[in-house]
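A look at the structure
If you want the building blocks of each chain, they are given just below.
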Amino acid sequence: MRLIILAFAAGIIVLQMQLELPPAGLWALAGGLLALPAVRWRRAWTGSLFGVLAFFALGFAWTAWRADIRLADALGAEWEGRDIEVIGVVATLPQDFSQGTRFEFAVEKPLTATAIVPQRIMLSWYQGQRDGEEFVRQQVRPGERWQMTVRLKRPHGNANPGGFDYEAWLLERNIRATGYVRQNPPQRLGEMVRQPEYVVERLRHGVRASFADMLPAERYPWAGILVALVIGDQRAIQGDLWTTFNRTGTTHLMSISGLHVTMVAALFALLAGRVWRRVPALALRLPAQRAALLAGCLAAFLYVLLAGFAVPAQRTLYMLLVAALAMGAGRAIAPSRTLCLALLVVLLLDPWAVLAAGFWLSFAAVGALLYVGAAVVGEAGGWRERIRAWGVVQWAATLASLPILLLVFQQFSLVSPLANALAIPVISFVVTPLALLAAVIPWWPIAALAHAVLGWLMVFLEWCAGWPVWQAPAPPLWAAIVAGLGVAICLLPRGMPGRLLGVVLLLPAIFWPVSRPAEGEAWVTVLDVGQGLAVIVRTRDHTLIYDPGPLYSAESDAGQRVVVPYLRSLGIDTVDVLMVTHRDSDHAGGTASVKSALAVGAVVSSLGDAGSEPCRNGQDWFWNGVRLAVLHPETQDYAETRKSNNLSCVLRIDAGGRRMLLTSDIEARDELALLRRDPAALRADVLLVPHHGSRTSSTPEFIAAVGAPDVMIPVGYRNRFGHPKADVVARYEATGSRLWRTDRDGALRVTLDEQGVIVKSWRNERRRYWHGR
């Protein structure tokens, strides 16, 4: 059975790697045909082989069928960016951000004639000025029915190496369009739609509001962690705390984990069993053991519902249900079989769970614990043996997560075993029970006690966060798989031969080398940061950041979400030059995040800030046979009163006889100044189009002087400025240039060397069937 389930899971995983969605019917037919010989020769090894192939095909077909249904619920392309009036229900916890509120909305009925609207959408309701319109936001709660005018677009996210796949996340949550509420104004039609999912979300909202009243964030900095432990709302945790948790390897504790669910189930089972035994009438109707099992399972189910049904909590719930059914039937089921059954249920309900790192970390950790469990079960019960068993558990969980952490996050915490040794018992057996009690009995002393204990733990974790973290480039998939095999060998019982081989198999993933350009070669990556700019320039031994990208909100920016993850995926933690071309937030917004996360050598900018050097014509760097030269602005330009765009730093890269020109947001007057100064200096093979394709730039004379065969437009999908303008695009197309756009092609990677110019698009290289749909 276990092999069959793993084959089904493998089919699901392979489907999620497809460029296009295959026909589900053909694969279901193939699975059925393969099942016939599997049944015929079920006692022979050939029958097992056919069975594995059959369930692989069925897993593939199951996911293709589910994906086809989900993708069919799409926003009509002709309705993107148009006002649509809808009636629906606030379906999930609203999340406040600096500019308003964001929530999922279940559409019951579109009122606009002929409009095609998906059943579930994500809406932002802004507060204040936006696009020349004054927005007044009202409070919304889960379960409320509203009539709204909305403006939507199809699912779209930034596409970058080492970045988060927002489109995959939307697909998993069945959100088929995103947009914002228009000021029409919206009307609340009903206070509460009494459906089970909305009732649960309203309860979660009430718990969150209760904690906010008892523990105001300005006085209780860890209150968001308590909310996350009770209702699974990880967005309640302040962003800077995640750095501490990542560096200490305790991120898994700051959500509803399997240990928390098991603890709640065990507590309620124990209480129910004791009460049941003291009431003879109850014990005669139903044995106390079965009553305890039912109470534990019910408590676990309610807690998982309250937690938002996250994958780690689901996995534990299904394992508990399988184990309870086996115990109730008087049968013993191997732990590995229980884990496989939980895996099957998770993937049947959510085939997209395999796209989340949490899925792999959760099942890897539990699998490792079961794998080493036999080595510690039955040992003597002295305190030394118990400490050793606890150490074995920590070692197994840490080692099992290592290949996944390196593949997905390119780092792992060296202090994780020590931090978890204290954090796990404190969070699971003290803080979480107190937080749950405060949710049931909203009394300040209980919540304050939970916060105080958590505060003491945070002092310890912040000390641990000062320890070094191992960082390495993202290893290839084969190295991560080999490392997983190495983990299995390392966790063999003591005395087993060959454990040293496991260490050897871990080495490629841990010490995977940084990929570097050759001498005289430059690699330039124009990252997809939406409406803004971030470019990474690399030579063999040096790195320059040309703008760190836009500020998205008070809580996030491109430096934090795109630039730093990309550089970490390459194994780069030091930047020689950070060039901030001008003051606009779509170019300079990520500066603080880059400076805090990376070691930055020099800052060159036109901002005039303390600690930075002004960029000016004549500056240059010679790195590994590559020249980087600043062409604009002139020194005297700083003395004149100008728009920040007119002071944009223009950078030219010369490598192997090839050139790339980076122009930031210069305008027509700056292009004219460059043409008058030295038109030959502008000739390039690749041009980063000025000002995102705005009409303020890209004059015909400038385009002709540059004469670039490849031109790149850094632009956000359906941005509010309408960039790039159609007439500007037409100018470039008239010259025969090949046009690249980050909103369509994702991150663009350019290689400049003696062999020529190579341009690659991340969306073309890593396309998946859900992209652009």
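Anything mentioned here points back to the structure above.
Definitions and limits used
- Residues numbered from 1 in each chain as written.
- Predicted model: local features only at pLDDT ≥ 70, side-chain atom pairs only at ≥ 80, totals over all residues.
- Heavy atoms only, no water.
- 1 Å grid on protein atoms, 1.4 Å probe; cavity = no way out; pocket = protein on both sides within 12 Å on 5 of 7 lines; lining within 4 Å.
- Points joined across faces, edges and corners; volume = space filled by probe spheres on them.
- Helix = DSSP H or I, 4+ residues; strand = E, 2+ residues; numbered from the N terminus.
- Nonpolar A, V, L, I, M, F, W, Y, C, P; charged D, E, K, R; others polar.
- Pairing = 2+ DSSP bridges.
- Contact = heavy atoms within 4.5 Å.
- Axes fitted to C-alpha atoms, helices over the stretch in contact; angles between N-to-C directions.
- Phe/Tyr/Trp six-rings, centres within 6.5 Å; stacked < 30°, edge-to-face > 60°.
- Buried < 20%, exposed > 50% of the residue type's maximum accessible area, 1.4 Å probe, protein only.
- Parallel < 35°, antiparallel > 145°, perpendicular 65-115°, else oblique.
- Disulfide = S-S within 2.5 Å.
- Salt bridge = Lys/Arg side-chain N within 4 Å of Asp/Glu carboxyl O.

**As for empty space enclosed by the protein**
Considering all chains together, one arrives at one cavity of 30 Å³ or more under this definition. Every residue lining the largest cavity is listed: Thr 92, Leu 93, Gln 95, Arg 102, Phe 103, Glu 104, Met 122 and Arg 235. At three residues, the largest contribution of residues to the lining of the largest cavity is made by strand S3 (residues 100–110). The residue inventory of the lining of the largest cavity, partitioned by class, reads three nonpolar, two polar and three charged.

**Side note on the sheet that holds strand S15 (residues 574–580)**
Pairing is mixed across the open sheet formed by eight strands, whose spatial order is S17-S16-S15-S14-S13-S12-S25-S26. The sheet is open, and its two edges are formed by strand S17 (613–614) and strand S26 (756–761), each paired on a single side. Sheet topology places strand S12 (residues 522–526) next to strand S13 (residues 534–538); four bridges connect them, and they run antiparallel. Residue Thr 525 lies in a different strand from S13, and its bridge partner there is Ile 536. Taken strand by strand, helix H19 (residues 558–569) contacts S12, S13, strand S14 (543–548) and S15, and its axis lies near 160° from that of S14.

**Things to note about the layout of surface pockets**
Its volume calculated, the second largest pocket comes out at about 470 Å³. Along the wall of the second largest pocket there are 17 residues; nearest its centre are Val 264, Phe 268, Leu 306, Leu 436 and Val 440. For the lining of the second largest pocket, the secondary structure elements donating two or more residues are helix H5 (196–214), helix H8 (258–277), helix H10 (288–306) and helix H15 (416–440). Looking at the lining of the second largest pocket, its residues break down into 17 nonpolar, no polar and no charged.

**Considering the packing of aromatic side chains**
In this structure the tally under the stated criterion is 15 aromatic pairs. A centroid spacing of 5.9 Å and a plane angle of 15° characterise the contact between Tyr 166 and Trp 169, whose relative ring orientation is stacked. One end of the pair, Tyr 166, and the other, Trp 169, are both in helix H4 (residues 166–172), three residues apart, so they sit about a helical turn from each other. The exposure class assigned to Tyr 166 is partly exposed, which follows from its relative accessible area of 25%. Ring centres of Phe 359 and Trp 360 lie 5.3 Å apart, and the angle between their planes is 90°; this geometry places the pair in the edge-to-face category.

**With respect to the packing of helix H6 (residues 223–231) against H15**
Where H6 meets H15, the closest approach of the two axes is 9 Å, and the angle between their N-to-C directions is 85°. The pairing of H6 with H15 is recorded here as roughly perpendicular in orientation. Packed against H6, whose contacting residues are Leu 226, Leu 229 and Val 230, the element H15 presents Ile 427, Val 431, Thr 432, Ala 435, Leu 436 and Ala 439 at the interface. Class assignment of the residues belonging to the contact of H6 with H15 gives a composition of eight nonpolar, one polar and no charged.

**Some words on the state of the cysteines**
Every disulfide links exactly two cysteines, by a covalent bond between their sulfur atoms. A full pass over the atoms with the stated rule returns one disulfide. In this model, Cys 615 is linked to Cys 649 through a disulfide, with the two sulfur atoms separated by 2.0 Å. A torsion of -75° about the S-S bond marks the disulfide between Cys 615 and Cys 649 as left-handed. Here the residue Cys 615 occupies a position in the loop between S17 and strand S18 (620–623), and Cys 649 occupies one in the loop between strand S19 (626–632) and strand S20 (650–655), the gap between them amounting to 34 residues. In this structure, Cys 615 and Cys 649 share a single accessibility class: buried.

**Comments concerning the pattern of salt bridges**
All told, the structure shown has 23 salt bridges when counted by the stated rule. Taking the shortest distance from any N to any O, the salt bridge between Glu 20 and Arg 767 comes out at 3.4 Å. You can see Glu 20 sitting in the loop between helix H1 (2–15) and helix H2 (24–40) and its partner Arg 767 sitting in the segment after helix H26 (762–765), a full 747 residues away along the chain. Measuring nitrogen to oxygen at the nearest pair gives 2.7 Å for the salt bridge that ties Asp 710 to Arg 738. Of this pair, Asp 710 sits in strand S23 (residues 710–713) while Arg 738 sits in strand S24 (residues 738–741), and the two are 28 residues apart along the sequence. The buried category is assigned to Asp 710, whose relative accessible area is 7%. A relative accessible area of 44% places Arg 738 in the partly exposed class. When salt bridges that share partners are traced, they join Arg 141, Glu 144, Arg 188 and Glu 191 into one network.

**Points about the sheet that holds S23**
Strand order in this open sheet of seven strands is S18-S19-S20-S21-S22-S23-S24, and the pairing throughout is mixed. Two strands lie at the open edges of the sheet, namely S18 and S24, each paired on one side alone. Each adjacent strand pair in this sheet contributes to an overall mean axis angle of 15°, direction not counted. Pairing of S18 with S19 involves four bridges; the strand directions are antiparallel. Of the residues in S19, the one forming a bridge with Phe 622 is Arg 627. Along the sheet face, helix H22 (residues 668–677) touches S19 and S20 and points at about 115° away from the line of S19. Together, strand S22 (686–688), S23 and S24 form the strand contacts of helix H24 (residues 726–734), whose direction differs from that of S24 by roughly 140°.

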